[in-house]
Amino acid sequence: MNADGWLADTRSSYDTVAVSYADQLRGALAGTPFLRAALELFAGMIHTAGGGPVADVGCGPGHVTAHLHELGVDAFGIDLSPGMVDVARRDHPDLRFEVGSMTDLSLADASVTALLAFWSLIHVPDDAIPTVFGHFRRVVRPGGPLLLGFHIGDESRLKTEGYGGHPMKVHVHHRQPAQVTAWLCDAGFTVEAQWLLGLDGHLPGAVLFARRQS
């Protein structure tokens with residue numbers, strides 16, 4: 001899959017659905033206690049590390065960034081879609097959001113205490129994951145925590161419509177935790193814990209807590 005092609009398709013798709021997507025996700029964390037617990041644990045790890053800036057990569061409309069801020073984390077958001085960043089800035093004007101790609105993060109080496117990618121890896125093809133995780137390792141300080149959330153499965157499908165019926169063109173990749181763990185280890189992270197969510201539902205997920213090796 002051409003890198004420029006999938007990035008352009010993902011950017012334009014989320015520009016199209018940004019407002020509807022934000023409306024659907026508003027308040028979503030209130031109904032997901034296990035995700036809130038994961039974020040609270042992640043915030044505790046950041047506080048234990050002494051605090052500092054935390055990047056929410058693929059932040060979308062910024063609801064998770066804002067939740068981390070409420071937990072006392074100095075979080076800022078990065079998203080590929082300018083439309084999503086506009087909505088995030090509208091809904092959370094006191095927080096920092098910027099346009100950027102996880103395939104080429106414009107952050108200095110070891111410049112963030114921690115990094116979060118919550119269901120934002122699902123559109124990244126397998127062959128681009130090592131590059132993405134390499135950037136994650138580069139920008140996170142040695143020993144800093146990493147939190148990932150993603151769909152569990154073995155399939156990739158093309159999504160052509162979503163979030164209010166708007167047209168989209170994005171591939172959605174479902175992955176096994178063992179594969180994501182292997183990629184993280186190859187990139188220089190140690191996976192410390194794994195949570196499996198909604199295994200009896202139609203869209204099971206996984207949350208991995210990892211840490212950059214020194």
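You'll find the structure just up there.
(A) View of the sheet that holds strand E5 (residues 145–151). Across the sheet, which stays open at both edges, the 7 strands sit in the order E3-E2-E1-E4-E5-E9-E8 with mixed pairing between neighbours. Either end of the sheet is taken by a strand with one partner, and the two such strands are strand E3 (97–99) and strand E8 (189–197). Taken pair by pair, the neighbouring strands of this sheet meet at an average axis angle of 20 degrees, ignoring direction. Of the pairings in the sheet, the one linking strand E4 (residues 114–118) to E5 comprises 4 bridges and is parallel in character.

(B) Fine view of helix H6 (residues 177–187). Buried within H6 are the following residues: Pro177, Val180, Thr181, Trp183, Leu184 and Ala187. Along H6, the residues classed as buried sweep out an arc of 160 degrees about the axis, all on the same side. Opposite the packed face of H6, turned more than 90 degrees from it, sit the exposed residues Ala178 and Asp186. Buried residues in H6 make contact with helix H5 (129–139), E5, E8 and strand E9 (205–212).

(C) Examining the packing of aromatic side chains more closely. Within the structure shown, the criterion is met by 6 aromatic pairs. Note on Phe118 and Trp119: the rings are 5.1 Å apart at their centroids and 80 degrees apart in plane angle, and the pair reads as edge-to-face. Under the relative-accessibility criterion, Phe118 is labelled buried at 12%. An aromatic cluster is built from Tyr14, Tyr21 and Tyr163, whose rings are joined through pairwise contacts. Here Arg96 stacks its cationic end above the ring of Phe76, 4.0 Å away from the centre of that ring. If you follow Lys159 out to its NZ or CZ, it ends over the ring of Tyr163, 5.1 Å from the centre.

What counts as what
- Residues numbered from 1 in each chain as written.
- Predicted model: local features only at pLDDT ≥ 70, side-chain atom pairs only at ≥ 80, totals over all residues.
- Heavy atoms only, no water.
- Pairing = 2+ DSSP bridges.
- Helix = DSSP H or I, 4+ residues; strand = E, 2+ residues; numbered from the N terminus.
- Axes fitted to C-alpha atoms, helices over the stretch in contact; angles between N-to-C directions.
- Buried < 20%, exposed > 50% of the residue type's maximum accessible area, 1.4 Å probe, protein only.
- Arc of directions from axis to C-beta.
- Contact = heavy atoms within 4.5 Å.
- Phe/Tyr/Trp six-rings, centres within 6.5 Å; stacked < 30°, edge-to-face > 60°.
- Lys NZ or Arg CZ within 6 Å of the ring centre and 35° of its normal.

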